[in-house]
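# A look at the structure
Below are the chains, spelled out letter by letter.
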Amino acid sequence: MRSLRDHFLIAMPAMADPNFTETVTYVCKHDDEGAFGVIINRPSEMSVAEMFAELKLGLEDRGLRAQPVLRGGPVERERGFVLHRSSEAFEATLDGDIKVTLSPDILAAIGRGSGPRPVLIALGYAGWDGGQLEAELRANAWLTVPANPAIMFDTPFEQRWTAALGLPGVDLNQMTNYAGHA
C-alpha cells in the first residue's frame, strides 16, 4: 500500500470507536511499521494561553491566546504536537507538506511571537501498528484524501469533518452508517 503521509483520514459515519467519531486525522507518518496522526477537529477545553501558562512560557501573540489546544488522539495525551507549514528549522520535526514538530523550541518561538503561523497545537495522537490501519481501511472505517491546508488551518473546527468529506465529492446525505463490500 502506498503511504498515506500528508493525507486526511476521515472517519466514516459507521465508525464505532468514540475516539474517532466524526474526526479528521492528519497522517504524519505511515510505513510498514505503522502510522501515526493528529486529529485536527477536536478542540479541548484548554486554550493555548492556558497551556503556555502551565508550561511557564510567555505568549506574545494575542491572536493565539484563545485558540483551543486540540485533542490530537487517545495515545499519550500529555505529549504535544505542533502542526505548521513553516520553512524554519525546528528540532524534532517531521517534514512533509505540513510539518509536525514535537520539540519545545517551537513553543519558545511561538511564545516570543516569532513562531510559525498558522499553527495547530495538539495533545495526544492516534497510532496504528503495522497493518492495523490498512485493515481498518479494508473495513471501510476511513476515507482517505490528500490533506488540504485550508481545511486544516482556516476552516472552523466544527466544519472540518464535513469539509473534508466534500474533498472527494462525498455527499453526507447519501451515506449510510453501515459498510458493505460488493
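To be clear, the structure that these remarks concern was listed above.
Because the structure is a prediction, the values reported are computed rather than measured.

### Quick look at the overall build of the protein chain
Helix and strand content of the protein chain: six helices and 10 strands. The C-alpha atoms of the protein chain give 16 Å as radius of gyration, which agrees with the globular expectation for 182 residues (16 Å, within 12%). C-alpha atoms of the protein chain, sized along the principal axes, occupy 55 × 35 × 25 Å. In the protein chain, which comprises 182 residues, the proportion classed as buried is 45%. In the structure as shown, the protein chain presents an accessible area of about 9400 Å², 49% of it carried by carbon and sulfur atoms. Charge centroids of the protein chain, computed over 16 positive and 24 negative side chains, lie 4 Å from each other.

### Let's talk about the side chain of Asp6
Here Asp6 shows up in the segment before strand E1 (7–11). For the buried Asp6, no salt bridge exists, and the shortest N-O distance to an oppositely charged side chain is 4.1 Å, to Arg5.

### Section: unusual backbone geometry
Omega for the bond connecting Arg117 with Pro118 falls within 30 degrees of zero, at -5 degrees, which places this linkage in the cis form. Here Pro118 lies in the loop between helix H3 (104–112) and strand E9 (119–129). Phi at Ala92 is positive, roughly 45 degrees, even though this residue is not glycine. The residue Ala92 is located in the loop between strand E6 (75–84) and strand E7 (93–94) in this model. Classification of Ala92 as partly exposed rests on a relative accessible area of 47%.

### What to know about the nonpolar core
Judged by nonpolar contacts, the single largest core of 39 residues is most densely connected at Phe8, Tyr26, Leu83, Trp142 and Met152. The element that contributes the greatest number of residues to this core is E9, accounting for five residues. With residues up to four places along the chain from it excluded, the contact list for Met152 reads Phe8, Tyr26, Ile40, Leu83, Ile98, Leu120 and Arg160. Residues Phe52, Leu64, Ile110 and Ile121 belong to the second largest nonpolar core, which totals 14 residues.

### Some details on H3
Along H3, the positions that sit buried rather than exposed are Ile106, Leu107, Ala109, Ile110 and Gly111. The inward-facing, buried residues of H3 contact helix H1 (48–54), helix H2 (62–65), E6, strand E8 (99–101) and E9. Trailing H3 by a residue or two, Gly113 shows a phi angle of about 85 degrees, which is positive.

### Looking at the pattern of salt bridges
This model, assessed by the stated rule, comprises four salt bridges. With its nearest N and O atoms 3.0 Å apart, the salt bridge here joins Lys29 to Asp31. Judged by relative accessible area, which is 34%, Lys29 ranks as partly exposed. Here Asp95 and Lys99 are joined by a salt bridge, their closest N and O atoms 3.6 Å apart.

Thresholds applied
Residues numbered from 1 in each chain as written. Predicted model: local features only at pLDDT ≥ 70, side-chain atom pairs only at ≥ 80, totals over all residues. Heavy atoms only, no water. Helix = DSSP H or I, 4+ residues; strand = E, 2+ residues; numbered from the N terminus. Rg over C-alpha atoms; globule rule 2.2 N^0.38 Å. Buried < 20%, exposed > 50% of the residue type's maximum accessible area, 1.4 Å probe, protein only. Areas by Shrake-Rupley, 256 points an atom, 1.4 Å probe, with all protein chains shown as cover. Lys, Arg positive; Asp, Glu negative; His and termini not counted. Charge placed at Lys NZ, Arg CZ, Asp CG, Glu CD. Salt bridge = Lys/Arg side-chain N within 4 Å of Asp/Glu carboxyl O. Core = buried A, V, L, I, M, F, W, Y, C linked by side-chain atoms within 4.5 Å. Contact = heavy atoms within 4.5 Å.

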